[in-house]
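Structural overview
Here is how the chains run, residue by residue.
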Amino acid sequence: MSESVTPGELVELGMKAPDAEMVSSRVSFYRASLSMAECWSVVSKEVLRPEHPFDAHLLVYSELFSEWNHRNGPPPAWMPDAATAATTNIGRLMKVKGFSSFADLHRWSVTERAEFWGEMIRRLHIPLKREPMKVLELAAGVEHPEWLVGGQLNIADACFAGSPERLAITYQREGDVIRRVTLGELKVLTHRVANGLR
């Protein structure tokens, strides 16, 4: 296993020295006894905090998964417990469709593509200006699928659907506080930019 993250590296990325010492120490402690994924799960939930610079999060993540076998796919960034997983969109879909595992859901999504994507459009409340006649048309073969035949989408409608008070963006400039932009504020900013382009 490669070297752990040092306090100096974290300070260089903008983390305060006491936090950097604590994070480095806790990462080393958990890394000694847990698998890569288990360690990241604990560190991301109990050690790293939102006010820590994103680059520090990324460094810890990259170091913890430095020996990850990428042939198995990318390393996991989020590992919810069973109760949390059940409240996600995928968890609720699995319950409605009667699937007991993610593998069963995945199998259905690739064998019944039209049904799966029709369900996704409904569940995600994608605001189509015109409903498609067919979700998936394979007349030209699976190599040339036609999606949402006859349907029409205005991407701006989709981007700004929802309550104007709903959180749209959370961001942090280097060394600054975490800022939040609501959907309503984002829409005003977008219109300002669009009007400037006319």
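Predicted, not measured: the structure shown is a model, and the values here were computed from it.

For the rest of this paragraph, the subject is the overall build of the chain. Counting its secondary structure elements, the chain contains 10 helices and six strands. Rg of the C-alpha trace for the chain: 22 Å, well past the compact-globule value of 16 Å for 198 residues, more than 25% over. Its C-alpha atoms put the chain at 60 × 45 × 30 Å along the principal axes. A total of 198 residues make up the chain; the buried ones form 24% of that total. When contacts within the chain are restricted to residue pairs at least 6 apart in sequence, those whose partners lie at least 24 apart make up 41%. Looking at the chain as shown, the accessible area adds up to about 13500 Å², and 58% of this sits on carbon and sulfur atoms. Placing the 23 positive and 25 negative side-chain charges of the chain at their respective mean positions leaves the two points 8 Å apart.

Let us look at the environment of Ala17. By secondary structure assignment, the location of Ala17 is in helix 2 (residues 17–33). Look at Ala17 and you get partly exposed, because its relative accessible area is 44%. Separated by 10 residues in the primary sequence, Ala17 and Pro7 place their C-alpha atoms 7.1 Å from one another.

Here Ser24 lies in helix 2. Sequence-distant contacts of Ser24, that is, excluding residues within four places in its chain, are made with Ser4, Val5, Thr6, Pro7 and Leu10.

This part takes up the nonpolar core. In this structure, Leu10, Met15, Val23, Trp40, Val43, Leu48 and Val60 are the most contacted members of the largest nonpolar core, which totals 20 residues. Of all elements in the fold, only helix 2, helix 3 (36–47) and helix 4 (54–64) reach the threshold of two or more residues within this core. Aside from chain neighbours lying at most four places away, what touches Trp40 is Leu48, His57, Val60, Tyr61, Leu64, Phe65, Pro76, Ala77 and Met79. Residues Met94, Trp108, Phe116 and Met120 belong to the second largest nonpolar core, which totals six residues.

Time to look at helix 3. Where helix 3 is concerned, the buried positions are Ala37, Cys39, Trp40, Ser41, Val42, Val43 and Val47. Packing partners of the buried residues in helix 3 comprise helix 2 and helix 4.

This part covers a nonpolar patch on the surface. On the surface, a cluster of nonpolar side chains totalling about 360 Å² of accessible area is made up of Leu124, Ile126, Leu153 and Ile155. Residue classification places Leu124 among the partly exposed residues on the basis of a relative accessible area of 48%.

Tallying each qualifying case throughout the model produces nine salt bridges. Across the pair Glu119 and Arg123 runs a salt bridge, and its minimum N-O distance is 2.9 Å. Of this pair, Glu119 and Arg123 both sit in helix 8 (residues 113–123), separated by four residues, roughly a single helical turn. One network of salt bridges, with partners in common, ties together Asp19, Arg49 and Glu51.

Moving on, we get to the packing of helix 6 (residues 89–97) against helix 7 (residues 102–111). Where helix 6 meets helix 7, the closest approach of the two axes is 10 Å, and the angle between their N-to-C directions is 80°. The angle between the axes of helix 6 and helix 7 places the two elements in the roughly perpendicular class. Residue-level contacts link Ile90, Leu93, Met94 and Lys97 of helix 6 to Phe102, Leu105 and Trp108 of helix 7. Considered class by class, the residues forming the contact of helix 6 with helix 7 number six nonpolar, no polar and one charged.

Here is what the cut-offs are and how they apply
- Residues numbered from 1 in each chain as written.
- Predicted model: local features only at pLDDT ≥ 70, side-chain atom pairs only at ≥ 80, totals over all residues.
- Heavy atoms only, no water.
- Helix = DSSP H or I, 4+ residues; strand = E, 2+ residues; numbered from the N terminus.
- Rg over C-alpha atoms; globule rule 2.2 N^0.38 Å.
- Buried < 20%, exposed > 50% of the residue type's maximum accessible area, 1.4 Å probe, protein only.
- Contact = heavy atoms within 4.5 Å.
- Areas by Shrake-Rupley, 256 points an atom, 1.4 Å probe, with all protein chains shown as cover.
- Lys, Arg positive; Asp, Glu negative; His and termini not counted.
- Charge placed at Lys NZ, Arg CZ, Asp CG, Glu CD.
- Core = buried A, V, L, I, M, F, W, Y, C linked by side-chain atoms within 4.5 Å.
- Patch = residues over 30% accessible without salt bridge, like charges linked within 9 Å, V, L, I, M, F, W, Y side chains within 5 Å.
- Salt bridge = Lys/Arg side-chain N within 4 Å of Asp/Glu carboxyl O.
- Axes fitted to C-alpha atoms, helices over the stretch in contact; angles between N-to-C directions.
- Parallel < 35°, antiparallel > 145°, perpendicular 65-115°, else oblique.
- Nonpolar A, V, L, I, M, F, W, Y, C, P; charged D, E, K, R; others polar.

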